[in-house]
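One letter stands for each residue in the lines below.
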Amino acid sequence: MLKTLLSLVGILYDCFFWLFICLLFMFFVVLASAYVCTAETPPDRLIKAIEEVESGGNTSAVGDRHLSDKAYGCLQIRQPCVDDYNRWHKTNYRAEQMLGNYELSIAICREYIDYYAIERRIGREPTLQDMARIWNGGPNGYKKPSTKKYWEKVKEVLKTEK
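A brief look at the structure comes next. (Residues numbered from 1 in each chain as written. Predicted model: local features only at pLDDT ≥ 70, side-chain atom pairs only at ≥ 80, totals over all residues. Heavy atoms only, no water.)

**Section: the overall build of the chain**
Then, number 1: When its secondary structure is counted, the chain shows seven helices and two strands.
Then, number 2: For the chain, the N- to C-terminal ordering of α and β elements is α-α-β-β-α-α-α-α-α.
Then, number 3: Residue burial in the chain is summarised as follows: out of 162 residues, 32% are buried.
Then, number 4: If you take every contact in the chain between residues at least 6 apart in sequence, the share linking residues at least 24 apart comes to 43%.
Then, number 5: Accessible surface, the chain: about 10600 Å² in total, of which carbon and sulfur atoms supply 60%. (Helix = DSSP H or I, 4+ residues; strand = E, 2+ residues; numbered from the N terminus. Buried < 20%, exposed > 50% of the residue type's maximum accessible area, 1.4 Å probe, protein only. Contact = heavy atoms within 4.5 Å. Areas by Shrake-Rupley, 256 points an atom, 1.4 Å probe, with all protein chains shown as cover.)

Below you can see the structure in the form of structure tokens.
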């Protein structure tokens, strides 16, 4: 009888031990996913700085008038950028729809930078500079010399908004 009782206690101990391990694991999974979900990539302050450089916050701005794909809205979004967003989200937006549509412009900018400014593509943790230069120069903008001047403008705005 004592052997049976000790065996039962041992089984209960094992069950509680593994239950504790599973709960601990689930806690860390939830904690890690909460961290990932709340991380701002790109940070709001970077998007605000980009917006300031691109249009001074003018949601009705139309730029790059000399190009076939004009730039629209506060973030001066062109059709190739919108095409990427449409492909990822199975939508059919046009760049012209950025005019006056602040929320959509921000969403597209955030998604574009989130998609292309990642460690796997860049080979290191992306910086604010990488993100801004990708926004300005496309997926490989972070390594294009032509985007350095743009980054300097964004960096200046970031300095003044602290």
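Right, picking up where we left off after that structure.
**A short note on the environment of Lys48**
Then, number 1: Inspection of the secondary structure puts Lys48 in helix 2 (residues 44-55).
Then, number 2: The exposure class of Lys48 is partly exposed, given its relative accessible area of 41%.
Then, number 3: With residues near it in sequence (within four places) discarded, Lys48 still touches Tyr102 and Glu161.

**With respect to the nonpolar core**
Then, number 1: Ranked by internal contacts, the top residues of the largest apolar core, which has 32 residues, are Ile50, Leu75, Ile77, Ile108, Trp135 and Val154.
Then, number 2: Only helix 2, helix 3 (79-89), helix 4 (102-116), helix 6 (128-137) and helix 7 (148-160) provide two or more residues apiece to this core.
Then, number 3: With seven residues, helix 4 is the single largest residue contributor to this core.
Then, number 4: Sequence-distant contacts of Ile108, that is, excluding residues within four places in its chain, are made with Ile77, Cys81, Val82, Tyr85, Met98 and Trp135. (Core = buried A, V, L, I, M, F, W, Y, C linked by side-chain atoms within 4.5 Å.)

**Focus: the layout of surface pockets**
Then, number 1: Within this model, the largest pocket holds a volume of roughly 360 Å³.
Then, number 2: What lines the largest pocket is a set of 17 residues, and nearest its centre among them are Asp64, Gln76, Arg78, Trp135 and Asn136.
Then, number 3: Secondary structure elements with two or more residues in the lining of the largest pocket: helix 3 and helix 6.
Then, number 4: Split into classes, the residues belonging to the lining of the largest pocket amount to nine nonpolar, four polar and four charged. (1 Å grid on protein atoms, 1.4 Å probe; cavity = no way out; pocket = protein on both sides within 12 Å on 5 of 7 lines; lining within 4 Å. Points joined across faces, edges and corners; volume = space filled by probe spheres on them. Nonpolar A, V, L, I, M, F, W, Y, C, P; charged D, E, K, R; others polar.)

**So, the packing of aromatic side chains**
Then, number 1: Applying the stated criterion across every chain yields a total of seven aromatic pairs.
Then, number 2: Ring geometry for Tyr85 versus Tyr93: centroids 6.1 Å apart, planes at 45°, classification tilted.
Then, number 3: For Tyr85, a relative accessible area of 10% translates into the label buried.
Then, number 4: An aromatic cluster is built from Trp88, Tyr112, Tyr115, Tyr116 and Trp135, whose rings are joined through pairwise contacts. (Phe/Tyr/Trp six-rings, centres within 6.5 Å; stacked < 30°, edge-to-face > 60°.)

**So, helix 3**
Then, number 1: Residues Gln79, Cys81, Val82, Asp84, Tyr85 and Asn86 constitute the buried set of helix 3.
Then, number 2: Downstream of helix 3 by one or two residues, Lys90 has phi in the positive range, about 55°.

**Digging into unusual backbone geometry**
Then, number 1: At Asp64, a position not held by glycine, the phi torsion is positive, near 50°.
Then, number 2: Along the polypeptide, Asp64 turns up in the loop between strand 1 (62-63) and strand 2 (71-72).
Then, number 3: With a phi close to 50°, Gln76 is a non-glycine residue in the positive phi region.
Then, number 4: With respect to the secondary-structure elements, Gln76 resides in the loop between strand 2 and helix 3.

**Things to note about helix 4**
Then, number 1: For helix 4, with 15 residues, the first-to-last C-alpha span of 21 Å sits near the 21 Å given by 1.5 Å per residue.
Then, number 2: Regarding helix 4, the residues found buried are Leu104, Ser105, Ile106, Ile108, Cys109, Tyr112, Ile113 and Tyr116.
Then, number 3: Contact partners of the buried residues in helix 4: helix 2, helix 3, helix 5 (119-122) and helix 6. (Expected span 1.5 Å × (residues − 1).)

**Considerations on the pattern of salt bridges**
Then, number 1: Under the counting rule described, the total for this entry stands at eight salt bridges.
Then, number 2: One salt bridge in this structure joins Arg110 and Asp44, with 2.5 Å as the shortest N-O distance. In this pair, Arg110 is assigned in helix 4 and Asp44 in helix 2, connecting sequence segments 66 residues apart.
Then, number 3: Judged by relative accessible area, which is 23%, Arg110 ranks as partly exposed.
Then, number 4: Accessibility expressed as a relative area gives 40% for Asp44, which makes it partly exposed. (Salt bridge = Lys/Arg side-chain N within 4 Å of Asp/Glu carboxyl O.)

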